[in-house]
Amino acid sequence: MVKVGDSIPSIPLVEKEPGNNVDLSKELGSGIIIGVPAAFSPTCSDSHVPSFVAHPKIKDAGKVFVVSVNDAFVMNAWGKTLDADNASGIRFLGDPSGAFTRALGLEFHAAPLLGTNRSKRYAMVVENGRVKSINVEPDNVGIAVSTADKILG
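It should be emphasised that the depicted structure is a prediction, and the values quoted were computed from it without experimental measurement.

## Let's talk about the overall build of the protein
Scanning the protein for helices and strands turns up 6 helices and 9 strands. Once the C-alpha set of the protein is aligned to its principal axes, its extents read approximately 35 × 35 × 35 Å. Taking the intrachain contacts of the protein between residues at least 6 apart in sequence as the baseline, contacts between residues at least 24 apart amount to 68%. When the accessible surface of the protein is totalled, it reaches about 7,000 Å², and 52% of it is carbon and sulfur.

The following block contains the structure:
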């Protein structure tokens, strides 16, 4: 599993539509990666991601990305429902094959429930392209350690 000091893997994610690739190893010098099990799921949509969207310190956090094992279309639509005018500046990226999630060692077996393996829920602070801190939910899906209040204070 990814640990403090590791570099962000150079694996393309997708934004808004297939082919619009984003490489977080190049795009993200400092900021936050928020990993979620499923776009539009209750905990992700009602609690976890909104805690970042509405947090008063989000603008000072650097670049912020939400990543899920979903396609670009789903992530784009989800982003519009959570932050319609993009006031937070958070960007929503798809990891369609789960390659980025697997490279971080944060995949869990979720196929029986969600149709395919998914990302554990986490929040990762990145500084100068390296992991400064990583908070991974112990049960993969809860919100005990990865909400904005835990990460941003």
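Next comes the rest of the description.
## A look at the pairing of strand 8 (residues 122-127)
For strand 8, a buried count of 5 out of 6 residues is recorded, marking the element as mostly surrounded by other parts of the structure. One ladder, built from 5 bridges, connects strand 3 (residues 31-36) with strand 8; its direction is antiparallel. Looking at the pairing, Gly31 lines up with Val126 of strand 8. Where strand 8 folds back onto strand 9 (residues 130-136) in an antiparallel hairpin, the turn is made up of 2 residues, including Asn128, whose phi is positive at roughly 55 degrees.

## With respect to the pattern of salt bridges
All chains considered together, the criterion is met by 7 salt bridges. For Lys3, the salt bridge identified is with Asp6, shortest N-O distance 3.3 Å. Lys63 is paired through a salt bridge with Glu27; the nearest N and O atoms lie 3.2 Å apart. Here the residue Lys63 occupies a position in strand 4 (residues 63-68), and Glu27 occupies one in helix 1 (residues 24-27), the gap between them amounting to 36 residues. According to the relative accessible area criterion, Lys63 is partly exposed, its value standing at 39%. Salt bridges linked by common partners bring Glu15, Glu27, Lys63 and Arg91 together as one network.

## Quick word on the environment of Asn86
When you line up the elements, Asn86 lands in the loop between helix 3 (72-82) and strand 5 (91-94). Residues Asn86 and Val53 lie 33 residues apart in sequence; the distance between their C-alpha atoms is 8.9 Å.

## Topic: unusual backbone geometry
For Phe40, which is not glycine, the phi dihedral falls at a positive 70 degrees. Looking at the secondary structure, you find Phe40 in the loop between strand 3 and helix 2 (42-53). Assessed through its relative accessible area of 45%, Phe40 is described here as partly exposed. With a phi angle near 80 degrees, Asn140 is a residue other than glycine that sits in the positive phi range.

Rules of the game
- Residues numbered from 1 in each chain as written.
- Predicted model: local features only at pLDDT ≥ 70, side-chain atom pairs only at ≥ 80, totals over all residues.
- Heavy atoms only, no water.
- Helix = DSSP H or I, 4+ residues; strand = E, 2+ residues; numbered from the N terminus.
- Contact = heavy atoms within 4.5 Å.
- Areas by Shrake-Rupley, 256 points an atom, 1.4 Å probe, with all protein chains shown as cover.
- Buried < 20%, exposed > 50% of the residue type's maximum accessible area, 1.4 Å probe, protein only.
- Pairing = 2+ DSSP bridges.
- Salt bridge = Lys/Arg side-chain N within 4 Å of Asp/Glu carboxyl O.

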